[in-house]
Amino acid sequence: MHLHKIFYALGDYSYQAGYNVFNAYQELGITGVVAASDMTAAGLQKAAQESNVKLPGALSVVSIDGTLICDIATPALTSVTQNFVQIGIESVNCLVGKSATRLVPVTLVERESVTTI
């Protein structure tokens, strides 16, 4: 049986926010993080690497966005990927008084930043 702890930290979506929160996660023994953006995840990974934390062995990271950052980060970031073009179209439709035509789906793109249990 696995015991899961849930912890969250408020911040912006920046690289620096991810970098800065790493120590708090490490002190709590966190082994997996879902970061609010690719930039936040990249900052978290950098701080982990500087602390010699094995990625993804000791810490798995999933980001939300799915931008180019996922492919250039080391290890490449697993992401909940969004279709920004379609989100933009639906948003503009709402702004001009049209109904949104659909909920824009997301996909999980598995890369190298997550280990399995």
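Here goes a summary of the coordinates provided. (Residues numbered from 1 in each chain as written. Predicted model: local features only at pLDDT ≥ 70, side-chain atom pairs only at ≥ 80, totals over all residues. Heavy atoms only, no water.)

1. Details of the sheet that holds strand 4 (residues 107-109)
An order of 1-2-3-4 is seen for the 4 strands of this open sheet, with the pairing classed as mixed. The sheet terminates laterally at strand 1 (32-34) and strand 4, the two strands that pair on one side only. The average angle at which neighbouring strand axes cross in this sheet is 15°, direction not considered. Pairing of strand 1 with strand 2 (residues 60-65), which is carried by 3 bridges, proceeds in the parallel orientation. Bridging across to strand 2, valine 33 finds its partner in valine 61. (Pairing = 2+ DSSP bridges. Helix = DSSP H or I, 4+ residues; strand = E, 2+ residues; numbered from the N terminus. Axes fitted to C-alpha atoms, helices over the stretch in contact; angles between N-to-C directions.)

2. Remarks on the nonpolar core
Nonpolar side chains in soluble globular proteins generally cluster together in the buried interior. Counting residues in each nonpolar core, the largest one holds 17 residues, and the members touching the most others are Phe22, Leu44 and Leu59. Elements supplying a minimum of two residues to this core: helix 1 (15-28) and helix 2 (38-50). For this core, the leading source of residues is helix 2, giving 4 residues. (Core = buried A, V, L, I, M, F, W, Y, C linked by side-chain atoms within 4.5 Å. Buried < 20%, exposed > 50% of the residue type's maximum accessible area, 1.4 Å probe, protein only.)

3. Notes on the pattern of salt bridges
Per the counting criterion, the structure on display carries 1 salt bridge. Aspartate 71 is paired through a salt bridge with arginine 111; the nearest N and O atoms lie 3.1 Å apart. Of this pair, aspartate 71 sits in helix 3 (residues 69-72) while arginine 111 sits in the segment after strand 4, and the two are 40 residues apart along the sequence. (Salt bridge = Lys/Arg side-chain N within 4 Å of Asp/Glu carboxyl O.)

4. Remarks on helix 1
The end-to-end C-alpha distance of helix 1 is 21 Å, a good match for the 20 Å that 14 residues give at a rise of 1.5 Å each. The axis of helix 1 is deflected most strongly, by about 35°, at phenylalanine 22. Where helix 1 is concerned, the buried positions are Gly18, Val21, Phe22 and Tyr25. The elements touched by buried residues of helix 1 are strand 1 and helix 2. (Expected span 1.5 Å × (residues − 1). Bend = angle between axes of the 7 residues up to and from the residue. Contact = heavy atoms within 4.5 Å.)

5. Focus: the side chain of threonine 81
Position of threonine 81 among the secondary structure elements: in strand 3 (residues 78-81). Polar side-chain contacts of threonine 81 include one of 2.7 Å to the side chain of serine 79. (Polar contact = N/O pair within 3.5 Å; in protein donor to acceptor, adjacent residues only side chain to side chain.)

6. A look at the packing of helix 1 against helix 2
In the contact formed by helix 1 and helix 2, the axes pass within 6 Å of each other and the chain directions differ by 45°. Between helix 1 and helix 2, the interaxial angle falls into the category oblique. Crossing hand, helix 1 versus helix 2: right-handed. Judged by residue contacts, Tyr15, Gly18, Tyr19, Val21, Phe22 and Tyr25 of helix 1 engage Met39, Thr40, Ala42, Gly43, Leu44, Lys46, Ala47, Ala48 and Glu50 from helix 2. Residue composition of the contact of helix 1 with helix 2, by class: 10 nonpolar, 3 polar and 2 charged. (Parallel < 35°, antiparallel > 145°, perpendicular 65-115°, else oblique. Left-handed = near helix turned anticlockwise from the far one by under 90°. Nonpolar A, V, L, I, M, F, W, Y, C, P; charged D, E, K, R; others polar.)

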